[in-house]
Amino acid sequence: MAVPKGKVSKSRRDKRRANWKLEVPGIVECPQCHEFKLPHKVCKACGYYKGKEVIKVSDN
């Protein structure tokens, strides 16, 4: 049966948990319509990617 060799201090335990953090996703401005979008993705507002229209977006 596995038994811990010694007590793990609070400091050592918390160092292990220190890398669990959230990151804000990188958001960039679309060069066509200037809406915010995720990088390397088609803009949901205008349908453009790298200066070319990839999908038709209907205006409601």
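Located above this text is the structure these notes cover.
Residues numbered from 1 in each chain as written. Predicted model: local features only at pLDDT ≥ 70, side-chain atom pairs only at ≥ 80, totals over all residues. Heavy atoms only, no water.

S.K.: Would you mind going over the overall build of the chain with me for this structure?
M.R.: For the chain, the count of helices and strands is one helix and four strands. Secondary structure elements of the chain, listed N to C terminal, follow the sequence α-β-β-β-β. Relative to its length of 60 residues, the chain is extended, with a C-alpha radius of gyration of 23 Å against a globular reference of 10 Å. Projected onto its principal axes, the C-alpha positions of the chain cover 65 × 25 × 25 Å. Counting across all 60 residues of the chain, residues that qualify as buried make up 8%. Looking at the chain alone, contacts between residues at least 24 apart form 0% of all its contacts between residues at least 6 apart. (Helix = DSSP H or I, 4+ residues; strand = E, 2+ residues; numbered from the N terminus. Rg over C-alpha atoms; globule rule 2.2 N^0.38 Å. Buried < 20%, exposed > 50% of the residue type's maximum accessible area, 1.4 Å probe, protein only. Contact = heavy atoms within 4.5 Å.)

S.K.: Which parts of the structure should I look at to understand a positive patch on the surface?
M.R.: A cluster of like positive charges, contributed by Arg12, Lys15, Arg16 and Arg17, occupies part of the molecular surface. Tracing the backbone through its elements, the reader meets arginine 17 in the loop between helix 1 (10-16) and strand 1 (28-29). (Patch = residues over 30% accessible without salt bridge, like charges linked within 9 Å, V, L, I, M, F, W, Y side chains within 5 Å. Areas by Shrake-Rupley, 256 points an atom, 1.4 Å probe, with all protein chains shown as cover. Salt bridge = Lys/Arg side-chain N within 4 Å of Asp/Glu carboxyl O. Lys, Arg positive; Asp, Glu negative; His and termini not counted. Charge placed at Lys NZ, Arg CZ, Asp CG, Glu CD.)

S.K.: Any chance you could explain the environment of valine 8 here in plain terms?
M.R.: You can see valine 8 is positioned in the segment before helix 1. We classify valine 8 as partly exposed; its relative accessible area is 42%. Apart from the residues lying within four places of it in its own chain, the contact partners of valine 8 are Arg13 and Arg16.

S.K.: Explain unusual backbone geometry here, please?
M.R.: Outside of glycine, negative phi angles account for most residues, and trans bonds account for most peptide bonds. Of note in the backbone geometry, histidine 34 takes a positive phi value of approximately 65 degrees without being a glycine. In this fold, histidine 34 is placed in the loop between strand 1 and strand 2 (36-37).

S.K.: Just to check I follow, could you spell out the state of the cysteines for this structure?
M.R.: Here is the idea: a disulfide is a covalent bond, and it sits between the sulfur atoms of two cysteines. This structure, assessed with the given rule, holds zero disulfides. Looking at cysteine 46, it has no disulfide partner, and the nearest cysteine sulfur is the one in cysteine 30, 3.7 Å off. By relative accessible area, cysteine 46 is classed as buried at 16%. (Disulfide = S-S within 2.5 Å.)

S.K.: Looking at this structure, I do not really get the side chain of lysine 37. What am I missing?
M.R.: Inspection of the secondary structure puts lysine 37 in strand 2. For the buried lysine 37, no salt bridge exists, and the shortest N-O distance to an oppositely charged side chain is 11 Å, to glutamate 29. Polar side-chain contacts of lysine 37 include one of 3.1 Å to the backbone oxygen of lysine 41. Once residues within four sequence positions are removed from consideration, lysine 37 is found in contact with Gly26, Ile27, Val28, Cys30 and Cys43. (Polar contact = N/O pair within 3.5 Å; in protein donor to acceptor, adjacent residues only side chain to side chain.)

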